[in-house]
Amino acid sequence: EDQAEELRELMGNTPSSTQKKDESSSHKTRIIAITSGKGGVGKTNMAVNMAIAYAQLGKKVILIDGDLGMANVNVLLNVVPQYNLMQVINRQKTMSEIILDTEVGIKFIAGANGFSKIANLSVEELDYFAKQFAQLGNADIIIIDTGAGIANNVLQFVAAADEVYVVTTPEPTAITDAYGMIKIITTELGERNINIKLL
């Protein structure tokens, strides 16, 4: 959880980080992770619609496609990103350089599609990735659409979040996998603010 703790501190979400800031300028970015035990349950649709809804309420929202390997948020937003998280991981671009404005009032950071390497990052790569999040600290809300399942990068995103939504459907295997996901989160990451969303 080291990288996740570092990410929370960089975003101003820990007591130590807020103490370092002047009270008049302190700002807390709320991080929401949308995850699931099984793919195909509507997780990405929920993440996109939640981001749009918060933007309509006047919040500064950044939506991150955290599915590092099979990203598709850009399809729902109807945008073709020139750069994505692959360039950030490879240190070719910074996080702020790949942020896109969208027609629906949110900012968007594209994930990578079709790269197996990015789906299982090393500790060093995750550490660098966490530091890049400091460039997003002016957002009110960051919503991360994680990949499905229990890959290391998925759990890192979940560990860094203030709130976690586990999405499932009434289908038996989806419910079983959602239960497994919640069990792993609570066992390995400790107590979390977990919400279950049945679509």
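Anyway, here's the lowdown on the structure attached to this text.

Reading guide: rules and limits
Residues numbered from 1 in each chain as written. Predicted model: local features only at pLDDT ≥ 70, side-chain atom pairs only at ≥ 80, totals over all residues. Heavy atoms only, no water. Pairing = 2+ DSSP bridges. Helix = DSSP H or I, 4+ residues; strand = E, 2+ residues; numbered from the N terminus. Contact = heavy atoms within 4.5 Å. Axes fitted to C-alpha atoms, helices over the stretch in contact; angles between N-to-C directions. Buried < 20%, exposed > 50% of the residue type's maximum accessible area, 1.4 Å probe, protein only. Polar contact = N/O pair within 3.5 Å; in protein donor to acceptor, adjacent residues only side chain to side chain.

1. Some words on the sheet that holds strand β3 (residues 100–101)
Next up, step 1: Spatially, seven strands are ordered β3-β4-β2-β5-β1-β6-β7 in an open sheet, and the strand pairing comes out mixed. Every interior strand has two partners, whereas the edge strands, β3 and β7 (194–198), have only one.
Next up, step 2: Here helix α3 (residues 43–56) sits on the sheet in contact with β1 (30–36), β2 (61–66), β5 (141–148), β6 (163–168) and β7, set at roughly 175° to β5.
Next up, step 3: Contacts from helix α8 (residues 172–189) reach β1, β6 and β7 within the one sheet, and its direction differs from that of β6 by about 160°.

2. What about the pairing of β2?
Next up, step 1: Taking burial as the measure, the six residues of β2 include six buried ones, the bulk of the element.
Next up, step 2: Alternating residues of β2 divide into Val61, Leu63 and Asp65 and Ile62, Ile64 and Gly66, and every residue in both groups is buried.
Next up, step 3: In this sheet, β5 lies alongside β2 in parallel orientation, the contact comprising six bridges. Note that in β5 the partner of Ile62 across the bridge is Ile142.
Next up, step 4: Pairing analysis gives three bridges linking β2 to strand β4 (residues 107–109), with the strands arranged parallel. Note that in β4 the partner of Ile64 across the bridge is Ile109.

3. A few points about the side chain of Lys43
Next up, step 1: Looking at where Lys43 falls in the secondary structure, it is placed in helix α3.
Next up, step 2: Take Lys43: its relative accessible area is 8%, and that puts it in the buried class.
Next up, step 3: A polar atom in the side chain of Lys43 sits 3.0 Å from the side chain of Asp145.
Next up, step 4: In this structure Lys43 touches Ile34, Thr35, Ser36, Asp145, Thr146, Gly147, Ala148 and Val167, once residues within four positions along its chain are discounted.

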